[in-house]
Each structure stands twice: as structure tokens, then as C-alpha cells.
Amino acid sequence: TQLLEQSPQFLSIQEGENLTVYCNSSSVFSSLQWYRQEPGEGPVLLVTVVTGGEVKKLKRLTFQFGDARKDSSLHITAAQPGDTGLYLCAGETQGGSEKLVFGKGTKLTVNP
Amino acid sequence: DTAVSQTPKYLVTQMGNDKSIKCEQNLGHDTMYWYKQDSKKFLKIMFSYNNKELIINETVPNRFSPKSPDKAHLNLHINSLELGDSAVYFCASSPRGGKEPQHFGDGTRLSIL
């Protein structure tokens, strides 16, 4: 079974601070997606990374896929209250029936 | 316009009852999914269908039976509900599966009394 470990599980910071969320596995994934989920809603895709070492930027969010395609990180610069939410990483399994395996999420709270 | 809509949003019922959740997507996607999110926010795939054909069945109890009348709809019927079935159930769709982005509905919160 391919598992994704996310850390930290909870993060509470002040507006303007920087933060990094990690997503780690012992397995190789074909691609990795990051989602953000707000209360009462479904997850919404932020980004997909496919190539080992790939870096993608989405405004103040920077996503990186590890060289070996086993891990990923999400870095937020100058966090804002609107960044508050549950951040989920999801890896696409290799071979057989392709599916997404989700991490347990990082609940981020950005205080004004 | 709602892309992936599921009904009902809330479902409160007694143990032992049978219930259904409906899902529809208007994105023209070929693949649809059912996920279960537990109280700790862990999201786990249950089923996926591609153009009405079952592709993934993740060792879900037989009490759960998905049905896809056409590629825009994927319903979930649950027999003999148990306390452990309490969770939020999400429907999702993607163009062709795999690394394609998934679009989620807003979830159905199922509470078993």
C-alpha cells in the first residue's frame, strides 16, 4: 500500500509569516497533486507536478516535486488569512489501476 | 453553474437503514469517483468508474453498491448502515483519470444514529 505522510498535521501562524508543508512517501508516484479544502466544501486542485525536481509557482505558493518523485513540499510566502484551509497532497499510483492516494492533510490557520 | 453536484448534502438516519447518495457532473468527464473522508479528514477512494464501467473497487464492504446509469451520473447505495459508515462522502470527476485533475462535489455528510 502506498502511503503519503504529511507534516505538520496542524499549523497556526500569524499573517505575513512563511511556512512549508511536507508530503513524504517511501513509494514513487507518477505525479503528485496538491489540493486545498475549506469547511463544508470539496477539495480544489491547486497544482499537479509530474517531473522529478519540478518546481511550480502559484502566486505566493511554491510547489516542489522531489527528484525521486517520492516527496513534495508546499511553501507559502507571506501567508494571509485567506490561505487558511486544509491542504492535501495526493499521489498518483504507478501501474495497474491508476488512482490518487491522499495524505492526511495539514490544517493551516493564518491569524490576522 | 455547479460542476459536480451531489445530493443530499446532509443525511441523518438510523443504523440498519438503506440510503442512497446521488452525483451528477456537467463537465463532460469520462471518469467519476466516490471517496470517503473520515472524522480525521483522511480522504480515501472507494470506487471509480470510467464511462459507466467499474475500474476501481477499494475493498469496500458489499453493503456499498455504486451504480452509473450514464457517464454523467454515479450514485452510491448503502445497505444496512452501520455506525462506522458515518463520514463525509465526496463524489469527484476527471477527464480521463490518472494524473488528470479531479473536480470534487461539496460532499454528503452521513450521520448514523
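**Q** Just checking my understanding: could you explain the sheet that holds strand S8 (residues 71-76) of chain A for this structure?
**A** One key point about sheets: their strands pair by backbone hydrogen bonds, in either a parallel or an antiparallel sense. Residue and element names in this part refer to chain A. Strands sit in the order S1-S3-S8-S7-S6 across an open sheet of five strands; the sheet is antiparallel. Where the open sheet ends on each side, the last strands, each with one partner, are strand S1 (5-7) and strand S6 (55-58). Averaged over all adjacent pairs, the angle separating strand axes in this sheet is 15°, with direction ignored. In this structure, strand S3 (residues 19-24) lies alongside S8, joined through six bridges in antiparallel fashion. Residue pairing in the sheet places Asn24 in a bridge with Asp71 of S8.

**Q** Before we go on, may I ask you to explain the state of the cysteines in this structure?
**A** Joining two cysteines, a disulfide is a covalent bond between their sulfur atoms. All names here are of chain A. Tallying each qualifying case throughout the model produces two disulfides over all chains. In this model, Cys23 is linked to Cys89 through a disulfide, with the two sulfur atoms separated by 2.0 Å. Here Cys23 and Cys89 share a disulfide; its torsion about the S-S bond, 80°, makes the bridge right-handed. Remark: Cys89 occurs in strand S9 (residues 85-92) and Cys23 occurs in strand S3; sequence separation between them is 66 residues. Note on Cys23: relative accessible area 0%, which makes it buried. Overall, the relative accessible area of 0% leaves Cys89 in the buried class.

**Q** Looking at this model, I keep getting lost on the environment of Phe90(B). Mind explaining?
**A** By the secondary structure assignment, Phe90(B) is in strand S9 (residues 87-94). Sequence separation of Phe90(B) and Gly28(B) is 62 residues, and the distance between their C-alpha atoms is 18 Å.

**Q** Help me understand the nonpolar core, please; the structure alone is not making it clear to me.
**A** When a protein is soluble and globular, its nonpolar side chains tend to lie buried together. Leu19(A), Leu32(A), Trp34(A), Leu74(A), Ile76(A) and Leu108(A) are the most contacted members of the largest nonpolar core, which totals 21 residues. For this core, the secondary-structure elements that each account for two or more residues are S3, strand S4 (31-37), strand S5 (44-49), strand S7 (61-65), S8, S9 and strand S11 (106-111) of chain A. Of all hydrophobic cores here, the second largest spans 20 residues; its members include Ile21(B), Trp34(B), Phe47(B) and Tyr49(B).

Conventions adopted
- Residues numbered from 1 in each chain as written.
- Chains lettered and ligands numbered in written order.
- Predicted model: local features only at pLDDT ≥ 70, side-chain atom pairs only at ≥ 80, totals over all residues.
- Heavy atoms only, no water.
- Pairing = 2+ DSSP bridges.
- Helix = DSSP H or I, 4+ residues; strand = E, 2+ residues; numbered from the N terminus.
- Axes fitted to C-alpha atoms, helices over the stretch in contact; angles between N-to-C directions.
- Disulfide = S-S within 2.5 Å.
- Buried < 20%, exposed > 50% of the residue type's maximum accessible area, 1.4 Å probe, protein only.
- Core = buried A, V, L, I, M, F, W, Y, C linked by side-chain atoms within 4.5 Å.

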